[in-house]
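Here is how the chains run, residue by residue.
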Amino acid sequence: EAGVAQSPRYKIIEKRQSVAFWCNPISGHATLYWYQQILGQGPKLLIQFQNNGVVDDSQLPKDRFSAERLKGVDSTLKIQPAKLEDSAVYLCASSLVTSGSLNEQFFGPGTRLTVL
Amino acid sequence: AQSVAQPEDQVNVAEGNPLTVKCTYSVSGNPYLFWYVQYPNRGLQFLLKYITGDNLVKGSYGFEAEFNKSQTSFHLKKPSALVSDSALYFCAVRVLTDSWGKLQFGAGTQVVVTP
């Protein structure tokens, strides 16, 4: 079974530039998550999709971050404009889930973003 | 607020010795607890979870965790550590703020197993 795919693996940009990350979840997984993992911290949920609908984006900085999952499969996360504090690893995860499910999440390898 | 705490930034253990990684939780209602491991330059991998039932939960790679309600703890254990167990370990709790829930992760514990 193929895992969660993410690209690019690494990205270096200057502040105020824009950047986009791509995620392809495990086939058949209805729920997709984007996390931000700052060095020395645990992952923090940015946004959660159920199929192509957003169910939780309470911790997404909406003035600069956006995400979409138009066809309920692949997803993109965008930052525009980037700030120095956005330097982190961005993890995508997916799970077989319906409301209230406690299934485990499967994570991709992440995209390491460095903002200079 | 629901949260987990991992009191140790790093745990050092010699290969062959028992390994314990500590986690305590604070939740209202029933706790749903998870352990994940992260190897360098890789995503998190699921190890085990506690939902209900036996307090001793067995997981992947020989790991197990003991749920202790009175001490609000969910420590991860392995009887005999391997060098390959060196990684970053995260405890997480499912936060049921609404019908969907989300994972709240601890800060992580770096495990270093020396030959």
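Predicted model, so just to flag it, every value in this text is computed and none were measured.

Here we take up the confidence of the model for chain A. Averaged over every residue, the pLDDT of chain A is 92; the share at 70 or more is 95%. When the elements of chain A are averaged for pLDDT, strand E6 (residues 53–56) of chain A gives the smallest value, 90, and strand E8 (residues 75–79) of chain A the largest, 98.

Attention now moves to the environment of Tyr10 of chain A. Among the secondary structure elements, Tyr10 of chain A is positioned in strand E2 (residues 10–13). Between the alpha carbons of Tyr10 of chain A and Pro25 of chain A there is a distance of 19 Å; along the sequence they are 15 residues apart.

On the side of chain A, 30 residues touch chain B, which itself brings 22 residues to the contact. At the surface where chain B touches chain A, the tally comes to one salt bridge. Partitioning the side of chain B that touches chain A into residue classes produces twelve nonpolar, six polar and four charged.

All names here are of chain A. Pairing is antiparallel across the open sheet formed by four strands, whose spatial order is E1-E3-E8-E7. Where the open sheet ends on each side, the last strands, each with one partner, are strand E1 (5–7) and strand E7 (65–68). Taken over all neighbouring pairs, the strand axes of this sheet differ in orientation by 15° on average, direction set aside. By the bridge criterion, four bridges tie E7 to E8 in an arrangement that is antiparallel. Across the sheet, residue Glu68 finds its bridge partner in E8, namely Thr76.

Before going further, it helps to spend a moment on unusual backbone geometry. All names here are of chain A. Cis geometry is found at the peptide bond from Ser7 to Pro8, where omega equals -10°. Within the secondary structure, Pro8 is located in the loop between E1 and E2. Here Gln80 and Pro81 are connected by a cis peptide whose omega angle stands at -5°. Residue position: Pro81 is located in the loop between E8 and strand E9 (88–95). You will see that Arg16, though not glycine, has its phi angle at about 80°, which is positive. Inspection of the secondary structure assignment puts Arg16 in the loop between E2 and strand E3 (19–24). A positive phi is found at Asn51, a non-glycine position, where the angle reads about 55°. Here Asn51 shows up in the loop between strand E5 (44–50) and E6.

Now for the packing of aromatic side chains. Applying the stated criterion across every chain yields a total of 14 aromatic pairs over all chains. On the numbers, 5.7 Å between centres and 85° between planes, the contact of Tyr35 of chain A with Phe105 of chain B is edge-to-face. Note that Tyr35 of chain A is positioned in strand E4 (residues 31–37) and Phe105 of chain B in strand E11 (residues 102–105), a pairing that runs across two chains. Of the residues examined, Tyr35 of chain A reaches a relative accessible area of 0% and is grouped as buried.

The rules behind these values
Residues numbered from 1 in each chain as written. Chains lettered and ligands numbered in written order. Predicted model: local features only at pLDDT ≥ 70, side-chain atom pairs only at ≥ 80, totals over all residues. Heavy atoms only, no water. pLDDT = per-residue confidence, 0-100. Helix = DSSP H or I, 4+ residues; strand = E, 2+ residues; numbered from the N terminus. Contact = heavy atoms within 4.5 Å. Salt bridge = Lys/Arg side-chain N within 4 Å of Asp/Glu carboxyl O. Nonpolar A, V, L, I, M, F, W, Y, C, P; charged D, E, K, R; others polar. Pairing = 2+ DSSP bridges. Axes fitted to C-alpha atoms, helices over the stretch in contact; angles between N-to-C directions. Phe/Tyr/Trp six-rings, centres within 6.5 Å; stacked < 30°, edge-to-face > 60°. Buried < 20%, exposed > 50% of the residue type's maximum accessible area, 1.4 Å probe, protein only.

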